[in-house]
Amino acid sequence: MSHHYSGPDFSFPHGDARLDFTDLYAFPKPGDASKSILIVNVHPSAGENPPGPTKAEPFAPEALYELKIDTDGDAIADIAYRVRFSSFENGAQTAIVRRVDGPQAAGTGDGGRLIVDGAPVSLGREARITQAGDTRFFAGLFFAPSMSQKKGSLRR
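So, how was this worked out
Residues numbered from 1 in each chain as written. Predicted model: local features only at pLDDT ≥ 70, side-chain atom pairs only at ≥ 80, totals over all residues. Heavy atoms only, no water. Helix = DSSP H or I, 4+ residues; strand = E, 2+ residues; numbered from the N terminus. Buried < 20%, exposed > 50% of the residue type's maximum accessible area, 1.4 Å probe, protein only. Contact = heavy atoms within 4.5 Å. Areas by Shrake-Rupley, 256 points an atom, 1.4 Å probe, with all protein chains shown as cover. Pairing = 2+ DSSP bridges. Axes fitted to C-alpha atoms, helices over the stretch in contact; angles between N-to-C directions. Phe/Tyr/Trp six-rings, centres within 6.5 Å; stacked < 30°, edge-to-face > 60°. Core = buried A, V, L, I, M, F, W, Y, C linked by side-chain atoms within 4.5 Å.

Student: Is there a simple way to explain the overall build of the protein chain in this structure?
Tutor: Each helix and strand in the protein chain was counted, giving zero helices and eleven strands. For the protein chain, the succession of helices and strands along the chain, N to C, is β-β-β-β-β-β-β-β-β-β-β. Split into buried and exposed, the 156 residues of the protein chain put 37% on the buried side. Here the analysis covers contacts within the protein chain between residues at least 6 apart in sequence; of these, 37% occur between residues at least 24 apart. Surface accessibility of the protein chain: about 8,800 Å² in total, with carbon and sulfur atoms responsible for 56%.

Student: Help me understand the environment of L38 in this model?
Tutor: With respect to the helices and strands, L38 occurs in strand β2 (residues 32–42). Residue L38 is classed as buried on the basis of its relative accessible area, which comes to 12%. A sequence separation of twelve residues divides L38 from A26, and the C-alpha atoms of the two residues are 4.6 Å apart.

Student: What is the right way to read the sheet that holds strand β8 (residues 113–120) from this model?
Tutor: Adjacent strands of a sheet form backbone hydrogen bonds with each other and so pair up, either parallel or antiparallel. Taken in spatial order, the four strands make up an open sheet running β5-β6-β7-β8, and their pairing is antiparallel. Edge positions in the open sheet fall to β5 (64–69) and β8, since each of these has one partner strand only. Neighbour-to-neighbour, the strand axes of this sheet turn through a mean angle of 15°, independent of strand direction. The sheet contact formed by strand β6 (residues 79–85) and strand β7 (residues 94–101) spans seven bridges and is antiparallel. When the sheet's bridge partners are listed, R82 is paired in β7 with R98.

Student: How should the packing of aromatic side chains be read in this particular structure?
Tutor: Describing an aromatic ring pair means giving the distance of the ring centres and the angle of the ring planes. In total, this model carries three aromatic pairs according to the counting rule given. Consider the rings of F59 and Y65, whose centres lie 5.7 Å apart with planes at 85°: the pair is edge-to-face. With a centroid separation of 5.3 Å and 90° between ring planes, the pair formed by Y65 and F85 is classed as edge-to-face. Linking Y65 in strand β5 with F85 in strand β6, this pair joins segments that are 20 residues apart in sequence. Given a relative accessible area of 6%, F85 falls into the buried group.

Student: Explanation requested: the environment of Y25 in the structure shown.
Tutor: Note on placement: Y25 falls in strand β1 (residues 21–29). With 13 residues separating them along the chain, Y25 and L38 place their C-alpha atoms 5.7 Å apart. The residues contacting Y25, other than those within four sequence positions of it, are I37, L38, I39 and N41.

Student: I would appreciate a short explanation of the nonpolar core in the present structure.
Tutor: The nonpolar side chains of soluble globular proteins are, as a tendency, buried together. The biggest cluster of nonpolar side chains holds 20 residues, and the ones touching the most others in it are F59, Y65, V83, F85 and F137. For this core, the secondary structure elements donating two or more residues are β2, β5, β6, β7, β8 and β10 (135–144). Here this core gets four residues from one element, more than from any other, and that element is β6.

Geometry only, nothing functional implied.
Set out below in structure tokens:
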């Protein structure tokens, strides 16, 4: 999936680049096909020239970032991962990740089993990865050699 502007007027959802999912990657974990790696790119909130953030809050706290997964091919979600970010306070932002299984995964809302709580958002060049059981979670800026992107990933 690649989707670099939304809607008929080619603007960001609600005019906010932080809400625009641009790429989704899903693949088996190398060396352990029983686990999956999910990566979601959200439109960058960091600029190259001048370098630095374009928004104070890297992720929108009023938004629910959600990935729905259909495991049986019926076009209805069987698993949902829901990520909610805190407000940006004292130069920091955190994330809560929940997982919903079964028929409730097709719905919306903040429900679900808590799998990551209070994960720090990476704002600099150092990736701050949160480990909770067999889940690893990262949200924040991703620095490639020639570009800056905001990338969120959920690894299970």
